[in-house]
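Chain by chain, the residues:
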Amino acid sequence: MIKTLNILGKPSRNKLSLFVPIGFSLFALAIIDVILSSFFEINITSILPRWLNFFTPILFGFVGLHYIRIEFSGNRILDKLNKNINSNWFNAILTLIIIFVLIKNIPPLLNWLLIDADFVGTSKEECSREGACWIFINVWIKRLMYGLYPNAEIWRINLSFLMLIGLVISAFFVPIKIKKYIIIFLLFVFPFIAINLISGGNFGLEWVETTAWGGLSLTFIISIFALLFCFPIGMFLALGRRSSAPVIRYSSIGFIEFWRGVPLITVLFMASVMMPMFLPDGTYMDKLVRVIIAITLFEAAYMAEVIRGGLQALPRGQYDAGKSLGMGYWRMHLLVILPQALKLVIPGIANTFLALVKDTPLILVVGLLELVGMIDMAKSNPDWLGFATEGYIFAGIVFWIICYSMSRYSQFLERKYKTDR
Amino acid sequence: MSDQIIQMENVNKWFDDFQVLKDINLEVRQKQKIVVCGPSGSGKSTLIRCINRLEEHQKGKIVVDGIELSENTKNIEQVRAEVGMVFQQFNLFPHLSILDNCALAPIWVKKIPKKLAEEQALKELEKVQILDQAKKFPGQLSGGQQQRAAIARALCMEPKIMLFDEPTSALDPEMIKEVLDAMVNLAKAGMTMIVVTHEMGFAKEVADEVIFMDEGMIVEKAATKEFFANPKSDRTKLFLSQIL
């Protein structure tokens, strides 16, 4: 059937100057046809019968791509094009369909997101245009970032995060000797300074209850603490599960399988509703702390299995070599086994961390409002009904940026620690 | 005798139901070089892995340099620090440079200052002639170079005894010689060595005694010349006729 297209002879290298212009013109015609009919309501092929009319762009494009499908044409760009998107008739059709779908969808999307959208203003009424109403986000941004934290005290959150960013950046640039101390400070001291600063209650700072915390800053606080704790706990569980002592092994297995077996949402309910009943009388543990503990233990179980995968991938010879040099259990694991195992499972660890960050919105069910929770609250405000789409798109973009940067960082680490070959 | 460094008395070991070592009796004197040979599965690797307790024996007694091997982890670690081991698959640590491979255990187990440990590592690397590879990672070295690095790594702990578990079996024929040369030099320097190998040339050149094992038992144990010139058991004769 395709051979009937070769009325001008088979497309070949000798007749490049004949086929390429014809092919590209037909291809361009197909695209112009789609653009005109989708956005200008002009149909240049209206003379044709209706059933054929609909398929004309595909037909034009198909014939066009067939004419430019010339192997070893000598033109680098053309060869590359043919190899990647036009290697046979099926791929040509897929290419055409994808191009048409993009042409039909991207401009309206951009219109809604940017061109027809309202950015400046203070009230719902100023959203007069057809596109998205970003004024909604604009007005609520403070709440989306800081939750119900008192406005006058917001500098405390800002200061904490600025210090965090400053420390992280400086850790990248200072010499290794100082870097060590900065990292230790970051991991073991700073989190508690920051939490003290944000919660207040001492040094003349006003006490801010955790129920007032919220928004993106809460997302970060929960994620950072959970990440910090779930990693070492997961590591111990992974080692425990491989321990030769039955008590340690079975309690690790029990712990891991228990936490992996229950949904996070029930864990959160348990932490917020049931746990206070089990605490001894008179002791009080903040709801946020309980939630962080719950998320930490939950993710630690997953982390344990990821790390165990890495431990199992190591050949036995590495253990033998470590032992034969006189290293005990901990030295062998810290110096030889874990560095290699963790390196192997960087993608898995990143995966678990990403899942953790994206699990944080679930704390909504126990009444803590991080970014998504605040959007939920904002969109149900009587003055701002009907802007759920904008809110969720905003949340999606923010989460995507966080997760994508984590993913890139994990890829960077993978390359950095790659020592084989 | 006072210069005995390893004593094995009636050592028995089972892997589940399968008995890998049957009533092994062996005495090694200081500076003695012993080559262990035998068909695969005869228990020779297990034998030397028992000496630094990479494998546990279930019955009998093993004393290394006056320390009896038992459940006591302190003893085990002490013995391991005094007994160097070289493996068939090199088992270098791939995440560390050759220099760090060598200096790691001295720094963390023997608590030698980093600078001293590295100096010593460089010295040992020079002895096995791969000083120029010190900054590279194991994956960047040839098999022969890796095995020599593994020898240097074991020597950095200044062991009293060196165990070799088929050190040349995973190497290309061309690289066997460079590893054997390093081992011969070590033997000449007076190290106590137990070597599991199929390299009979090496055995003839270096060994004081050769042990032939089959089915978990020491079938024959004799001075090197005697062993090759005048083997007593039929099993040994058969083995030698096939391997030589």
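In case you missed it, the structure is sitting above this.
If you're wondering where the values come from, they're calculated on a predicted model, not measured in any experiment.

Caption draft 1: Unusual backbone geometry, seen in detail. Residues and elements named next belong to chain B. Not every positive phi belongs to a glycine, and D16 is a case in point at roughly 50 degrees. Looking at the secondary structure, you find D16 in the loop between strand 1 (4-15) and strand 2 (18-29). Even without glycine at this site, K31 takes up a positive phi of about 65 degrees. Relative to the helices and strands, K31 is located in the loop between strand 2 and strand 3 (33-37). A relative accessible area of 55% means that K31 is categorised as exposed.

Caption draft 2: Structural detail: the sheet that holds strand 9 (residues 209-214) of chain B. Residue and element names in this part refer to chain B. One open sheet accounts for 6 strands, arranged 6-7-8-3-9-10; its pairing is mixed. In this open sheet, the two edge strands, each paired with only one partner strand, are strand 6 (83-86) and strand 10 (217-223). Each strand of the sheet is rotated relative to its neighbour by a mean of 15 degrees, with strand direction disregarded. Pairing between strand 6 and strand 7 (residues 161-165): 4 bridges, direction parallel. Looking at the pairing, G84 lines up with M162 of strand 7. Lying on the sheet, helix 2 (residues 73-82) is in contact with strand 6 and strand 7; it crosses strand 6 at an angle near 65 degrees. Sitting on the sheet, helix 5 (residues 143-155) is in contact with strand 6 and strand 7, with an inclination near 170 degrees to strand 6.

Caption draft 3: Looking closely at a nonpolar patch on the surface. The grouping of W89(A), F90(A), L94(A), I98(A), L102(A), I106(A), L110(A), L114(A), I115(A), F119(A) and V120(A) at the surface amounts to a nonpolar patch, some 1,100 Å² of accessible area in total. Here I106(A) is to be found in helix 5 (residues 89-115).

Caption draft 4: Just the interface of chain B and chain A, in detail. With 26 residues of chain B at the interface, the matching set in chain A holds 20 residues. Both sides of the chain B and chain A interface together cover about 2,000 Å² of buried area, and 61% of this is carbon and sulfur. Looking at the side of chain B facing chain A, the largest losses of area belong to R80(B), F93(B) and H95(B), adding up to 26% of the total buried there. Our count for the chain B to chain A interface comes out at 2 salt bridges. D320(A) is paired through a salt bridge with R49(B); the nearest N and O atoms lie 2.9 Å apart. Residue composition of the side of chain B that touches chain A, grouped by class: 15 nonpolar, 5 polar and 6 charged.

Criteria and cut-off values
Residues numbered from 1 in each chain as written. Chains lettered and ligands numbered in written order. Predicted model: local features only at pLDDT ≥ 70, side-chain atom pairs only at ≥ 80, totals over all residues. Heavy atoms only, no water. Helix = DSSP H or I, 4+ residues; strand = E, 2+ residues; numbered from the N terminus. Buried < 20%, exposed > 50% of the residue type's maximum accessible area, 1.4 Å probe, protein only. Pairing = 2+ DSSP bridges. Axes fitted to C-alpha atoms, helices over the stretch in contact; angles between N-to-C directions. Contact = heavy atoms within 4.5 Å. Patch = residues over 30% accessible without salt bridge, like charges linked within 9 Å, V, L, I, M, F, W, Y side chains within 5 Å. Areas by Shrake-Rupley, 256 points an atom, 1.4 Å probe, with all protein chains shown as cover. Salt bridge = Lys/Arg side-chain N within 4 Å of Asp/Glu carboxyl O. Buried area = accessible area lost by both parts, 1.4 Å probe. Nonpolar A, V, L, I, M, F, W, Y, C, P; charged D, E, K, R; others polar.

Take it as geometry only, folks, not as evidence of what the structure does.
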